[in-house]
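Coordinates in review
Each chain is listed here by its residues.
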Amino acid sequence: MSPPAVSCHGLIKRYDKVVAVDGLDLEVAAGECFGMLGPNGAGKTTTVEMIQGLIPPDGGTVQLFGLPWEGNEADLRQRLGTALQETKLPEKLSVIETLRLFRSFYRKSVSEETVLELVQLQEKRDSWVNKLSGGQRQRLAVACALVCDPDILFLDEPTTGLDPQSRRQLWDVINQFRSRGGTVVLTTHYMEEAEQLCDRVGVVDHGKMIALGSPKQLIAGLGAEHVVDFAVAGEAVLGDAELSALPGVTRVHHEDGHTRLTVQRVHQTLPALMALVGGRNIQLAELTTHHATLEDVFMSLTGRHLRDG
Amino acid sequence: MTGDRLSPLWQLTLWRTREFLREPEAVFWVFAFPIILSLALGIAFKNRAPDNVKVAIPAGAGAAELKAALDANGGKKLETLVLDSAEAYNRLRTGGVSLLVIPGEPVTLRYDSTRQESDIARLVVASALQEAGGRRDVRTIGEVRVTEPGSRYIDFLIPGLLGMNIMGTGLWGIGFGLVSARQRKLLKRFLATPMRKSNFMLAFMLSRLVFLTLEVVSVVVFAWAVFSIPVRGSVLAIAGVVLLGATSFAGVGLLVASRARTIEGVSGLMNLVMMPMWICSGVFFSWSRFPEAVQPFIRLLPLTALNDALRAVMIDGESLVGVAGLLGVVATWGLVTFGVAFKIFRWN
Ligand SMILES: Nc1ncnc2c1ncn2[C@@H]1O[C@H](COP(=O)(O)OP(=O)(O)OP(=O)(O)O)[C@@H](O)[C@H]1O
Ligand SMILES: [Mg+2]
């Protein structure tokens with residue numbers, strides 16, 4: 001069996017006061033798409049940059065394809081494509097010149113025109129980078145990652161700030177890359193993205209992996225598939241005990257005047273909830289239901305939203 | 001998959017060159033600034049005829065006759081004013097006139113003997129008074145007036161300005177380019193590729209050499225056309241000195257920018273490095289004016305050695321062998337700074 005594409009153990013990174021990454025373990029199989037999910041400052045970027053050998057870890061080990069960085073850097077760099085979170089590409093180079101620059105570093109590569117087509121930037125071929133929109137720049141960054149025909153692709157928030165259409169386009173690019181056997185490690189804030197793209201997802205918080213599994217497994221781990229979210233009008237209060245006693249409710253959570261019930265079956269819980277509310281003469285100000293998502297997983301694990309710091 | 005391999009060094013050099021060429025203001029300043037500076041300084045310090053000799057006669061009995069005698073015999077260079085007595089003394093004190101001629105028998109010359117122009121005025125006035133009194137020259141003396149290219153201030157200045165430019169482009173060009181790439185996390189992105197670090201640094205140096213060559217040629221041609229600066233050394237020797245200087249200062253630039261995280265930080269450092277050399281290294285005036293005790297240190301500065309070598313080759317027509325010692329100093333700086341920069345360079 002081939003060694004895992006990524007394997008790291010007990011990864012630690014400290015900055016002055018913060019522990020950015022706190023003893024993190026991770027394995028990503030070759031050909032897998034792994035997503036790292038977590039709020040701002042969770043340690044996602046620090047983790048993927050340590051895996052890529054760009055930041056020295058304060059503790060722990062990293063191996064790519066069974067090889068440690070030390071002694072294999074020249075080889076591993078040939079096989080790795082990356083789009084970092086904060087890189088700004090040279091402003092005064094055209095798209096094609098930028099790709100050519102990056103291609104020149106590699107022994108094995110794909111032609112500039114091919115990757116341009118892949119990320120659909122053909123019509124911007126000769127535009128300077130400083131004339132590109134934010135989304136176009138991000139696509140160019142991904143193109144720079146792909147131009148070396150990598151075995152493993154690291155994408156740090158590749159779709160943040162993209163419009164839905166560009167985001168879908170990029171998902172296609174990633175799926176195409178995977179269909180040729182490529183391994184992908186990406187970080188994201190978008191649940192939908194992780195659920196769509198990733199075979200497995202790791203939820204990171206405060207530098208630790210607090211949950212790991214396929215999106216389905218994680219959601220199933222909630223013990224319930226749906227969420228009922230409501231707010232009552234006026235000063236009325238419904239006690240947690242009453243709500244927990246409703247049929248199928250596995251969890252009750254209050255936030256900003258809203259109450260969220262994690263439930264197994266909406267059609268059983270909802271009538272009981274309405275009866276409870278009606279019996280007490282309470283008016284509902286809002287009521288929504290949705291399928292449980294990774295966002296709900298994150299909230300049930302941490303009590304916070306993913307988007308909050 | 002493509003078969004053709006691109007040269008990373010060439011692509012990196014193209015990148016640096018394009019980034020510069022596509023910044024019109026930068027191009028303008030790199031080429032216009034040295035020319036404007038040499039033009040301004042060249043005009044300001046153009047070799048002028050010495051100033052007229054100005055003397056004053058306090059008003060009173062005999063003043064008018066004295067003035068007439070001086071005007072008749074002092075020649076075109078002597079300018080005589082008759083002034084109210086207090087005013088005349090005041091002008092002598094403040095340097096408005098070089099000497100007072102006080103009428104009487106005998107005529108008295110009042111002047112400060114420590115002032116050079118006063119001493120000259122004394123000779124001119126004394127001679128005019130003697131001639132007015134009837135002295136005859138006993139010999140005729142012939143004169144040839146010359147202005148020798150090569151010994152004028154502008155001839156001293158232009159090689160110094162070239163040296164200063166070589167230092168400036170090396171430091172600013174490389175310093176800003178590197179620190180802004182670091183700030184933009186571009187260095188980190190390159191670090192993630194198999195790019196060779198030496199290629200990256202060489203590209204910065206090479207692209208600088210391209211511009212510097214153009215810059216130097218434009219200044220030399222300008223100085224030659226406008227100020228008839230003599231270019232006595234061989235073009236190859238001059239080019240050799242310029243290239244070596246540029247490479248060495250590129251090394252200094254790499255070192256200065258090797259760890260700075262911000263443009264402000266690197267600007268401060270660069271000024272700190274360049275300021276002493278602007279002053280001490282013989283750009284505007286010779287370093288031999290500094291006390292003997294500090295001269296050995298001044299001569300070890302890279303810009304001092306470069307300026308001396310440039311002057312020797314350009315103005316005195318030395319060969320490269322003749323300035324080998326100076327070039328050794330310049331090269332040592334380049335090698336050491338490049339080596340240290342490579343070791344301590346910060347990619348994040
Ligand atoms: N160079 C640094 N110096 C000091 N602290 C740092 C540095 N880089 C990161 N940190 C800290 O480490 C923690 C993790 O940062 P990291 O960038 O890995 O988070 P992230 O999960 O990628 O967040 P985001 O979603 O905002 O990109 C944060 O608290 C951050 O402030
Ligand atoms: Mg991040």
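Residues numbered from 1 in each chain as written. Chains lettered and ligands numbered in written order. Predicted model: local features only at pLDDT ≥ 70, side-chain atom pairs only at ≥ 80, totals over all residues. Heavy atoms only, no water.

**Remarks on the pattern of salt bridges**
How we decide: Salt-bridge detection follows one rule: a side-chain nitrogen of Lys or Arg within 4 Å of a carboxyl oxygen of Asp or Glu. Secondary structure elements are defined from DSSP: runs of H or I of at least 4 residues count as helices, runs of E of at least 2 residues count as strands, and each element is numbered from the N terminus.
In this structure the tally under the stated criterion is 28 salt bridges over all chains. Notably, a salt bridge pairs Glu91(A) with Arg184(B), separated by 3.1 Å at the nearest N-O pair. In this pair, Glu91(A) is assigned in the loop between β6 (80-83) and α3 (95-103) and Arg184(B) in the loop between α6 (153-183) and α7 (186-191), connecting two distinct chains. Connected through salt bridges with shared partners, the residues Arg79(A), Lys108(A) and Asp151(A) form a single ionic network.

**Looking at the site of ligand 1**
Residues and elements named next belong to chain A. In plain terms, the rule: Working definition: residue near molecule or strand if any one of its non-hydrogen atoms lies within 4 Å of it. Under the rule applied, a polar contact is a pair of N or O atoms within 3.5 Å (in protein, one hydrogen donor and one hydrogen acceptor; residues adjacent in sequence only if both atoms are side-chain atoms). Areas reported here follow the Shrake-Rupley algorithm with a probe of radius 1.4 Å; residue values treat only the protein chains shown as occluding. In this count, Pro and Cys sit with the nonpolar residues alongside Ala, Val, Leu, Ile, Met, Phe, Trp and Tyr, while Asp, Glu, Lys and Arg are called charged and the others, Gly among them, polar.
Neighbouring ligand 1 are 13 residues; Asn40, Gly41, Lys44, Thr45 and Thr46 lie closest to it. At 3.2 Å from an oxygen atom of ligand 1 is found a main-chain nitrogen or oxygen belonging to Ala42. Here Gln85 contributes a side-chain N or O atom positioned 2.9 Å from an oxygen atom of ligand 1. Burial of ligand 1 by the protein amounts to 63% of the accessible area it has alone, namely 630 Å². Element by element, the count of residues in the shell around ligand 1 is highest for helix α1 (residues 44-51), at three residues. Its residues assigned to classes, the shell around ligand 1 comprises four nonpolar, seven polar and two charged.

**Points about the sheet that holds strand β7 (residues 152-156) of chain A**
Residue and element names in this part refer to chain A. Quick note on the threshold: Here, a strand pair is defined by DSSP locating no fewer than two bridges between the strands. In this analysis, axes come from line fits to C-alpha atoms, helices being fitted only over the stretch in contact, and the angle between any two N-to-C directions falls in the range 0 to 180 degrees. The contact criterion used is simple: two residues touch if any of their non-hydrogen atoms lie within 4.5 Å.
Taking strand neighbours across the sheet as the criterion, the six strands line up as β6-β7-β8-β3-β9-β10 in an open arrangement whose pairing is mixed. In this open sheet, the two strands that pair with only one neighbour each are β6 and β10 (208-213). Neighbour to neighbour, the strand axes of the sheet diverge by 15° on average, direction disregarded. As paired elements, β6 and β7 share four bridges and run parallel to each other. The partner of Ala83 across the bridge, within β7, is Leu155. Sitting on the sheet, helix α5 (residues 134-146) is in contact with β6 and β7, with an inclination near 170° to β6.

**Description of the domain arrangement of chain B**
Put simply, the test is: Start and end positions for the domains come from either an automated domain assignment or a database one.
You can read the domains of chain B as domain 1 (2-46 + 152-344) and domain 2 (54-145). Just the C-alpha atoms count here: the centres of domain 1 of chain B and domain 2 of chain B sit 52 Å apart.

**Let's talk about the coordination of the magnesium ion (ligand 2)**
All names here are of chain A. Using the following cut-off: Donors, by definition, are the N, O and S atoms found within 2.8 Å of a metal, the threshold being 3.2 Å for Na, K and Ca, and water is not counted, so a site can look incomplete. Only protein chains enter the accessibility calculation, which uses a 1.4 Å probe; a residue whose area is less than 20% of its type maximum is buried, one above 50% is exposed, and one in between is partly exposed.
For the magnesium ion (ligand 2), the protein coordination sphere consists of Thr45 (OG1) and Gln85 (OE1), at 1.8 to 2.1 Å. Residue Thr45 is located in helix α1, and its partner Gln85 is located in the loop between β6 and α3; the two are separated by 40 residues in the primary sequence. Note on Thr45: relative accessible area 22%, which makes it partly exposed. For Gln85, a relative accessible area of 37% puts it in the partly exposed group.

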